[in-house]
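# Fold and contact review
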Amino acid sequence: MLCEQVCNTVYSTFSSLFFIYWFQDEVGKHGFSLLGHHITNAPQTALAFTGTIGTFCGFFLTAPGGWIADRFPHQRAQLLFVSAFLQTACPIVNAYWPDFTFVCATTLFSSLTGG
């Protein structure tokens, strides 16, 4: 349990730092548009938008995630590994496709796997 909390804290810290600098340097060059609709020019607003997506999705998927963990108690380590792998893959995808639409999609996907 302690290892899981430490891993979550480390992941959260690195992903937050990555997003802050990445939004300013890479995505901000072209503005922030989602599926062709202009959202904002400020990286702080875009970061708040993606944070809101992640928070809402994580909040509503906490119960189904707990149900899955309770349903497969002997495979908890494998579930955590798959979840951590998929959450780590999201920033890697963002590094190769610096588009705000992909950022929102990978934030949603990361929240789905972390819920």
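Scroll up to find the structure.
Right, let's walk through the structure included here.

The rules we used
Residues numbered from 1 in each chain as written. Predicted model: local features only at pLDDT ≥ 70, side-chain atom pairs only at ≥ 80, totals over all residues. Heavy atoms only, no water. Pairing = 2+ DSSP bridges. Helix = DSSP H or I, 4+ residues; strand = E, 2+ residues; numbered from the N terminus. Core = buried A, V, L, I, M, F, W, Y, C linked by side-chain atoms within 4.5 Å. Buried < 20%, exposed > 50% of the residue type's maximum accessible area, 1.4 Å probe, protein only. Contact = heavy atoms within 4.5 Å. Axes fitted to C-alpha atoms, helices over the stretch in contact; angles between N-to-C directions. Parallel < 35°, antiparallel > 145°, perpendicular 65-115°, else oblique. Left-handed = near helix turned anticlockwise from the far one by under 90°. Nonpolar A, V, L, I, M, F, W, Y, C, P; charged D, E, K, R; others polar. Polar contact = N/O pair within 3.5 Å; in protein donor to acceptor, adjacent residues only side chain to side chain.

### Brief notes about the pairing of strand 2 (residues 37-40)
- In this sheet, strand 2 lies alongside strand 1 (residues 32-34) in antiparallel orientation, the contact comprising 3 bridges. Note that in strand 2 the partner of Ser33 across the bridge is His38.
- A loop of 2 residues connects strand 1 with strand 2, the two strands running antiparallel in sequence, and Leu35 in this loop sits at a positive phi of about 55 degrees.

### Details of the nonpolar core
- Among the nonpolar cores identified, the biggest contains 9 residues, and these are Phe19, Trp22, Phe23, Val27, Phe32, Ala46, Phe100, Val103 and Cys104.
- Put simply, the parts of the chain that give this core at least two residues each are helix 1 (2-25) and helix 5 (100-114).
- Residue contacts for Phe23: discarding those within four places in its chain leaves Gly28, Phe32, Pro43, Ala46, Leu47, Thr50, Phe100 and Val103.

### Side note on the packing of helix 1 against helix 2 (residues 43-60)
- Contact pair helix 1 / helix 2: the axes reach a minimum separation of 9 Å and the direction vectors enclose 135 degrees. Taken together, helix 1 and helix 2 sit at an angle that is classed as oblique. Seen along the crossing, helix 1 lies across helix 2 with a hand that is right-handed. Here Phe19, Ile20, Phe23 and Gln24 of helix 1 lie close against helix 2, whose contacting residues are Pro43, Ala46, Leu47 and Thr50.
- For the contact of helix 1 with helix 2, a count of residues per class yields 6 nonpolar, 2 polar and no charged.

### Describing the side chain of Thr106
- Topologically, Thr106 is positioned in helix 5.
- Thr106 gets classed as buried once you look at its relative accessible area, which sits at 10%.
- From its side chain, Thr106 meets the backbone oxygen of Val103 in a polar contact 3.1 Å long.
- With residues up to four places along the chain from it excluded, the contact list for Thr106 reads Cys90, Val93 and Asn94.

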